[in-house]
Structures are given as structure tokens and as C-alpha cells.
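Per-entry structural report
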Amino acid sequence: NETEHHITVCRVLIQSAASCELRPVLVQVPKRLPAGYVISEMSLKGCAAKPVAFTSSDPDFAVNTDGTIITVHGLEITTKRFSVLVQDENGIDWRVDIILSCKDEASQKSSSAARKRIKRRWRPLPFSLIENDRPPFPKEVEMIASDSSATYSVYYEISGQGVTLDPVGLFTLNKQTGMISVTRAVDREQYPQFNFTARVFDLNGKERDESLPITVNVDDVNDNAPEFIGSRFFTVEERCRAGTRIGKVNATDKDQPNTSHTLIKFTLLNSTNMFSIDPFTGEITAKTNTLDREAQDKVYVEIEIRDMGGAPNGLFSRGTFVITLTDVNDNPPTFKEKLYKAKVQENQENVLVTRIPVEDKDLVNTPNWKALFEVTKGNESGNFRMETDPKTNEGLLYVIKGLDFEKTPLVNLEITARNEVPLVGTDTKWLTVPLELSVGDEDEGPEFNPSILYLKVKENVPNGTVIGTYKALDPENKNSDGIKYYKMTDPGNWITVVENTGELKTANTIDRESPLVHKDMYNITIRAVDESKKTGKGMVIIQIEDVNDNIPVIPGKDLIMCSKGDTLGSVLVEAMDMDKPPYSTPLLFEFGADHDGKWKLKDATDSSVVLEQAVAMPNGLYSVPLLVKDLQGFGKEQTVNVRLCTCEREDNGGICGARSASSSLGSLGILALVLSGLLLLLLSLLLIFICSTKREKLYISDDTGTGGMLLKSNTEAPGEEVKDGALMLIPGAEVVDGSQQSGLMESKNMTSASGRYGQSFFQGGGVYNTTTQEFGTEKFYSSGRYDNNMYGNATIQKLSNTNTLDTWKTNGRYLDRKLAYLGDEEEGRYADDLLKTYGHEGMGSPAGSVGCCSLVAEQESLEFLNTLGPKFRPLADVCYTTNRTGN
């Protein structure tokens, strides 16, 4: 029963023309295909050339060398389409489409019955085009047909990409037969696939079937050679290890991915002894460890990339890559000569002797190239220094300490040159070169031998004792004839030098304990002068040996011992000896001959002992005789004064309570004095502030350019006040024309400006003082210290109330009258009567006389003057100044 057993009929149709135009191959196969199943056998029947290679576009199928198509692994299919690329012996590629389908008879019958019951449908399989196909064009591609053509007379139309859309006109359609043709070659890299629609109409224009979507795949051919992408420059260190990764060459192919058309193989065409490249990854590695930058710093490598896995028929490209070798320090500096020679005069210091050139093959001006030089032999005394010239990389040899021709006329040195960084990748070591340095002879001054003379001398030796001889020799003749010796330095003037012999004698007492001695050594400097006046210098170090010339002494003889009630007190007694052992410590402490037995000694050390009460004693001052001896028994009796008291504190040797209280009281007293001073200062500032703020500011016009100064005047004529008798009168003065003239107080040499110490105003009935700013009938103040000794004026004497009463009253009346007059004027009127500034006083002075204050008024009480406020004070100042300048 065919319907039950589903017998599958397989047909293989291979069409080929004599012109080798291959048609698609249609193969019906079982639904399930095992691995190794033979699909078909490919051949080029009708073609003159024989096939040599077959390539499947589908990885599920493979083509044997005999053209047999087999499955690679088991699979299940319904329909499948792929292509086989056939290459002939002439290198021409032919493409054959393989179409697999699976269809059993039962399904065919069911399908036929179904077609009768349902609307007609059409859906052909996707078909393919070969890109860049050869002409002639147009070429038939595929035929479409609808079942409606069996009933109606129909025609077909297509539209979409490649027909009515870009690229327009690529496909054409025979409307009656339904044959689709392609009009020109297609580039797969530009259009890998086309999708358009087919429709069927009857002759009346009515669509008789559903539209048919058509997909056309463009099959790839190997028409694009691979291309390089990315950088073509790589770097690697010279002397690197074999296998060191240098870089990766990147390439791409525009053909269809994951096919042999894009399988690229990398091949190194040159420098294969230095580098290698992975054929499929393109990674370049070092092939040897002997890459040498000095031999070739840049290597130009030719690389080929070929598709088809490197097959001979694959397309290829070639490119040049640059591999730069970076420098490492694999070359030491080398000397240009095997022996260097130089010359220098003796005694020269800090001079350049010679230049030593070197060569280094490493990269210039890098640490691998820069040289460092060192004198590795012959510089044990530190006479030489080497530097490097930064521009030429030469070694510079300097003499920093003068050489002596008489000792070493020829110096043999060994110079070593190295780089700033260690050597790498080589067994070569740093190189050395010998250098012969000749020393030139010069006439030199005398030289002491040794340059430093050490002498041992006991301290306190008698003056005139010869302690040694220090002679100098002439370097040329090796004798000391005609050389004289002089002392250069001797801080204590302890030594004299015999001029002709160089003998050293003591001139003063040598004291080891002197501050001029450091670590028992005393230095003097001697100068030697030969007959040619050339000099040499030497040093004598006197090592002073100690003698027992100092007795132990107690530096602090005034001690405080704190009484502690019934407990006996103690105090530490310390002594010192300037000598060294065995002439000093350990010291022996004993009581003197006058010891009264009230004290005892305990806990003695090398330089101290504890003095303790033997019996209880009242507080007071006690003298204790102590005998202190050094280790040799050398010493004397000394008296220690011990104050026994009740201590407030026991630190720092103890502080007695009374002294502590006194000290505390003194501190409080000082604090009280400071606070009192600050309080007085604050009160003074407050008074100054109050006095300055009470005064009102007066704005005085200054028209004469005198800067507001009151000038001294001895020539101004008397003003109206003199004529009116308004000035202060002195008893015993003579009256002329109703005025007292000769009795005026002497004031010619006094300045008209107010004194710095306060001024007094003498008026009838009282005195106004600018310092206290008040009036009083019995007060008298002089203006500062204007005495006869300072200014040559007559001494101002106090006026008695009996003789001057009338004068005070008279002046008071004039002042009262003036004040009454001012009371009727405007507020600013008082400023008009102030003293004007002027440059010259005398006859014809434009300032004239100030007479506003000389008007006589009724005698009234002056008590109200203290209540007038600040307006009165400048008026009183002006009046007083006018009286004085008028005199």
C-alpha cells in the first residue's frame, strides 16, 4: 500500500550543455539522511576541461575529489538548496546549484486533493544568481507559474527591488511565460539578496492568485582579494627572547564570510631568519634572540595574504611592514686608544689634565650611550676626579689635590668607563684603559715632614723647657739650610719657636684644664720660610699629660636641709676635681678638725656624699667643716653652710618656708603694682577723652599763609587795653596817664603760643587755668616751667591778696563787661574775636590790636564762669594770649 509505506521516489536531474552552461541539479532524497549518504555525483559533461576541485557552500555537505556529494553528518530535511563550486584544470570556476527536496506519494495525493478544495497557491523555492556572471545578457533565471493558468488565460507582473526599485531593471519578466531573466552582472558585496513580488492577472485585468514573494540570493564568487587593515608599524627590543610577540597583522576580505573565499593565509616573504608569522592569525614573533639594533634598526618585512586558504588559485595582496628594534644597553663604551698619556705641573689643583674619548654603538643621548668614568687604580689618595662632557661623551680627568714631583714624578692610573644603566644580553664587561700622568717639577717652598707633628708634654712644665724640634726641608735639595721658622697660631701663647733651629720651647704655663685645650690636645701652626721667601706650613699637636695640680672643691657650699619633725634631715654634698683619674675621683670625704659631732656622712660615691644630722637640732644656719681629698690624698678642708629650716617644697634642694612666703609676697606686690599702673593709665586716657570731647571745634580762617602759628612779637604797639587800664597790674608800678606801665610783668621773650605745661590767666578776682579748666580767687599758676634759667624771664612771684585785690577786681569788671557783650551776639560771634594769623607784627601790622576783651563792665561775681561751657575757654585763651603778646 503506497499510502501506508510512503515509498519515496528519488530522482537526480543533471543538465549540462555542450557550452558548459550548467543548470541547477534537482535531487529528491529521503527526509532523514545519515552521515556519508551519497547525494549525487558531479561532472562537467560536455565540457572540454576536466574538473580538479570541488567546494560546497553548505558545511553539511562535502564533495569528494571524484565529484561525489555526500552528507557530513546525519540530518533531517524537507527542502534544501546549496551550490558546488567546480574548478577546471584551466583555473575556471563553474557553479552548480543543488536543490534537495523530499516528497512521498501519499503527500502528493493529499496535495492534489487539497488543491481542488482550496484556493490556488504558488510559492517557488528561493533561487540564486551568480555574482559577476559572464555575458551574454539577459540570462534566464527562473520560471514562475500559477495553477490559475490551467483555467484562465493569464499574464504575470513583477515589482520591487531590482525591478521597479534600485537597482531598477535588473530583472525582467516574460509576462506570458513567466520566465524571469537578469539583464546584467550583479555584485554580491553590493546586493547580497533581492526581494520582489510576482502577481498573476487574467486578460480582464483581474488578479487570479495571491501575490508571490520572490527571494533571489546572489551567490558569492571569489572576486575580492584580501586587504590589510590596521597599523603596519611594530616595535620590539633588540636581544629579545625567541618567540617574543611583536605584533599582529590584520586583514579582511569582502567576499562572503565563513567561506573559503575569506579564509586568509599569511605568508612572510623575507626576513624569515629573524621573524615568523602565524599563517592564519597573522601574529608576528621573533625567531631568534640575536636581533641587533646596531646592525639594523628597522626591518622592512614583506607579507602576503591569500584567500582560499592559501590555495594557488586564491586571490592575494602583499604589503610592507616596518619592525623597529629599540635599543638596549648591549654595547659598553670602548676606548679609542690602548694607552693614554698626559702631563700636569706639581702642586696644581682643580685643573683639567686630559680628555679621554670613547665610542658607544648604542642610541645616542640615552642612558645606554652616556658614559661614566672612574679612576679605578692610582687614586688611593684622592688626587683625581673624573667627569663626563655631556656633549661629546668624553671623560674629563681633573687633579683636585696637588701632586709632588719629588715623591711621584710619574703616576700610573687605570680608567674605567661604564654606562648609566647595566649591560643587557651580553657577556661583555666594562672596559678599562691605562693612563700615564707625568708630573712637572717646580721650585717649591719648604715642606715639613711630617706635615702634622705630635708631641707629648706634661702640664705645668717650667717655662723655657724644650718640648721638641719641628724642621722643614727644601724639596729640591732635601736639606733645611737657610730656613727660618715662625709661629703662625698659638691661642694661649704657650710656645715659642727658635727662628733658626725650629726648636719648640714653653713660654707660659701649659694647663690641661684650660678652655683652649680640646680633648687634652693643643694646636699651634708653624711657618717655614726659605731664602727665596717661599713658605711652607706645618701643624704641631701637643698632647698634654695630666698632673695632680687641682684639689677637689665643693662648688655649692650653701645648702638647705629640710627639717621633718622628729626625722633627721640630710642633704647631698657634691665635689669636683678638674684633673683626670687617677688624680681625681674617687674622692674621699671626711669631717674637719672642728667637727662638733652633730653630723655624719653616709652613701658616699665617687664625687658626692650625703650629709645627715646625727642629733636633732633647731632650725638655723650651721657651718660644717669637710675635708675632701682626691685618690692621691691631695685636698684641703672646706666649710659647708647648711641652713636647717622647715621647707615649703623639697625640690631643687629645698626652699625654706619664710623665703618662699617672701617670694610669694613679692610676686603679689609686683602684680599689685602692675594693676595699679594699668588703672592709672586707663583713668588718664579717660580724662583726656572727656577733656578733648568737651571742647568745640573752632574753624579759624588762615589768610596770611602762616600755617596757623602764633609768631613772637616784641615791637607791637600797645593796644587799647593798655590805654584803658584793663591789663593786669603789678604792685609798685608807676601810673602814667591813668595807666600802669612799668609794673607790667616781664614777658617780652615769652612766646604767644600756649605753653605745653598749662597756662595761667591773671584776672581781677581770680585765676583761670587751662589745665584744670576752672577759676579760683586764691589760686596762682605759672605757665609750665617758664623760669629765669630756661627763658631768661623774671621769676613769677605769687601775688598777695592785699596788694593785688584791686587789680583782680578791675580785670574782673572788664571781663564781665565783655562776657555780657558777647551774650547778645550770634552763636558764631565768639569766633570772630579769635587771634588772627599773620606773618609780621610791628608798626603798621594789618592784624592790628585785639581789643575786644578790654571793655570794662560792672563788677560781678565770677562764680558763674565755671558754668559757661566750652565757648568761654577759647575766649579766655585769646584774651590771655592778647595780654601777653601786647606786652
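Residues numbered from 1 in each chain as written. Predicted model: local features only at pLDDT ≥ 70, side-chain atom pairs only at ≥ 80, totals over all residues. Heavy atoms only, no water.

**Let's talk about a nonpolar patch on the surface**
What counts is decided by this rule: Nonpolar side chains (Val, Leu, Ile, Met, Phe, Trp, Tyr) within 5 Å and like charges within 9 Å form the patches, drawn only from residues with over 30% relative accessible area and no salt bridge. Only the protein chains shown count as cover for residues, and all accessible areas are computed by the Shrake-Rupley method using a 1.4 Å probe. Salt bridges are identified by distance alone: a Lys or Arg side-chain nitrogen within 4 Å of an Asp or Glu carboxyl oxygen. Strands here are runs of E lasting at least two residues and helices are runs of H or I lasting at least four, both read from the DSSP assignment and numbered beginning at the N terminus. Here's how the labels work: a residue is buried when its accessible area is under 20% of the maximum for its type, exposed when over 50%, partly exposed in between, all with a 1.4 Å probe on protein chains only.
Together, Leu668, Ile670, Leu671, Val674, Leu675, Leu678, Leu681, Leu682, Leu685 and Ile688 make up an exposed nonpolar region whose accessible area comes to about 990 Å². Relative to the assigned elements, Leu681 resides in helix H3 (residues 657-694). Exposure remark for Leu681: the relative accessible area of 48% places this residue in the partly exposed category.

**Remarks on unusual backbone geometry**
Excluding glycine, a negative phi dihedral is what most residues carry, and trans is how most peptide bonds are arranged. Each neighbour pair has its own omega, and for Asn449 with Pro450 the value is 5 degrees, a cis peptide bond. The residue Pro450 is located in the loop between strand S36 (447-448) and strand S37 (452-458) in this model. Positive phi, close to 60 degrees, is recorded for Lys478, a residue that is not glycine. Along the chain, Lys478 turns up in the loop between strand S39 (472-473) and strand S40 (484-489). For Asp603, which is not glycine, the phi dihedral falls at a positive 50 degrees. Tracing the backbone shows Asp603 in the loop between strand S48 (599-602) and strand S49 (608-613). Judged by its relative accessible area of 55%, Asp603 is exposed.

**Details of the packing of aromatic side chains**
The description of an aromatic ring pair uses the distance of the two centres, along with the angle that the planes make with each other. To be explicit about the condition: When two rings of Phe, Tyr or Trp (its six-membered ring) have centres within 6.5 Å they constitute a pair, described as stacked for plane angles under 30 degrees, edge-to-face for angles over 60, and tilted for the intermediate range. A positively charged side chain is recorded as over a ring if its NZ (Lys) or CZ (Arg) lies within 6 Å of the ring centre. The angle to the ring normal must also be within 35 degrees.
Taken as a whole and assessed by the stated rule, the structure comprises 12 aromatic pairs. Positioned above the aromatic ring of Phe137, the side-chain terminus of Lys139 is 5.6 Å from the ring centre. Its guanidinium or amino end placed over the ring of Phe321, Arg232 lies 5.5 Å from that ring's centre, counting from NZ or CZ.

**With respect to the sheet that holds strand S7 (residues 68-71)**
Spelled out, the test is: For two strands to be treated as a pair, DSSP must find at least two bridges joining them. Every axis corresponds to a line fitted to the C-alpha atoms, with the helix fit spanning only the stretch in contact, and the corresponding angles, defined between N-to-C directions, vary from 0 to 180 degrees.
Read across the open sheet, the three strands follow the order S4-S7-S6; overall the sheet is antiparallel. Looking along the sheet, the strands with just one partner apiece sit at the ends: strand S4 (38-41) and strand S6 (61-63). Across the sheet, the mean angle from the axis of one strand to that of its neighbour is 20 degrees, orientation sign disregarded. Of the strand pairs in this sheet, S6 and S7 are connected by three bridges, and their pairing is antiparallel. The partner of Val63 across the bridge, within S7, is Ile69.

**Some points on the pattern of salt bridges**
When the charged atoms of two side chains with opposite charge come close together, those side chains can pair. Considering all chains together, one arrives at 30 salt bridges under this definition. Here Arg188 and Asp220 are joined by a salt bridge, their closest N and O atoms 3.2 Å apart. Remark: Asp220 occurs in the loop between strand S17 (212-219) and strand S18 (227-229) and Arg188 occurs in the loop between strand S15 (179-182) and strand S16 (193-202); sequence separation between them is 32 residues. What makes Arg188 buried here is its relative accessible area of 10%. Across the pair Glu394 and Arg355 runs a salt bridge whose closest N-O atoms are separated by 2.8 Å. Of the two residues, Glu394 sits in the loop between strand S32 (384-388) and strand S33 (395-399) while Arg355 sits in strand S29 (residues 351-356), which places them 39 residues apart along the sequence. The exposure class assigned to Arg355 is partly exposed, which follows from its relative accessible area of 38%. Because the salt bridges share partners, they merge into one network encompassing Arg512, Glu513, Asp520, Asp546 and Lys580.

**Notes on the side chain of Glu304**
Spelled out, the test is: For this analysis, a polar contact is any N or O atom pair within 3.5 Å, provided that within protein one partner can donate a hydrogen and the other can accept it, and provided that sequence-adjacent residues contribute only side-chain to side-chain pairs.
Topologically, Glu304 is positioned in strand S25 (residues 298-306). Among the polar contacts made by the side chain of Glu304, one reaches the side chain of Arg306 at a distance of 3.3 Å. A polar atom in the side chain of Glu304 sits 2.9 Å from the side chain of Arg318.

**Digging into the confidence of the model for the chain**
Filter applied, for reference: One number per residue, pLDDT, summarises how confident the predictor is, and it ranges from 0 to 100. It only takes one pair of heavy atoms within 4.5 Å for two residues to be counted as in contact.
Looking at the chain, the pLDDT average stands at 77 and 70% of residues meet or exceed 70. Confidence over residues 1-19 falls short of pLDDT 50; this stretch has 38 contacts with residues more than four positions distant or in other chains. In this model, residues 105-120 is a region of pLDDT below 50 whose contacts with residues beyond four sequence positions or in other chains number 14 contacts.

**Thoughts on the environment of Val571**
Relative to the helices and strands, Val571 resides in strand S46 (residues 570-574). According to the relative accessible area criterion, Val571 is buried, its value standing at 12%. The spacing of Val571 and Val609 is 38 residues in sequence and 8.6 Å in space, taken between C-alpha atoms. Excluding anything up to four places from it in sequence, Val571 contacts Leu559, Ile560, Met561, Val609, Val610 and Leu611.

**What about the sheet that holds S48?**
Taken in spatial order, the three strands line up as S46-S49-S48 in an open sheet, and their pairing is antiparallel. One side of each edge strand has no neighbouring strand; the edge strands of this open sheet are S46 and S48. Along the sheet, successive strands turn relative to each other by an average axial angle of 30 degrees, direction set aside. For S48 and S49, the ladder comprises four bridges, and the chain directions are antiparallel. Paired with Leu601 across the two strands is Leu611, which belongs to S49.

**Regarding a negative patch on the surface**
For clarity, the threshold we go by: This count recognises Lys and Arg as positive and Asp and Glu as negative, with His and chain-terminal groups excluded. To locate a charge, take atom NZ for lysine, CZ for arginine, CG for aspartate or CD for glutamate.
Taken together, the side chains of Asp441, Glu442, Asp443 and Glu476 present a region of like negative charge at the surface. Within the fold, Glu442 resides in the loop between strand S35 (431-440) and S36. Its relative accessible area of 32% is what places Glu442 among the partly exposed residues.

**What about the pairing of strand S24 (residues 283-286)?**
Within a regular strand, the side chains alternate between the two sheet faces. Judged from the three bridges that link them, strand S20 (residues 245-248) and S24 form a sheet pairing that is antiparallel. Its bridge partner being in S24, Arg245 is matched across the sheet by Thr285. Two strands pair when backbone bridges link them, and strand S23 (residues 275-277) and S24 are joined in this way by three bridges, in the antiparallel orientation. Residue pairing across strands places Phe275 opposite Ala286, the latter belonging to S24. The turn joining S23 and S24, which pair antiparallel and follow one another in sequence, is formed by five residues; a positive phi near 75 degrees is taken by Gly282.

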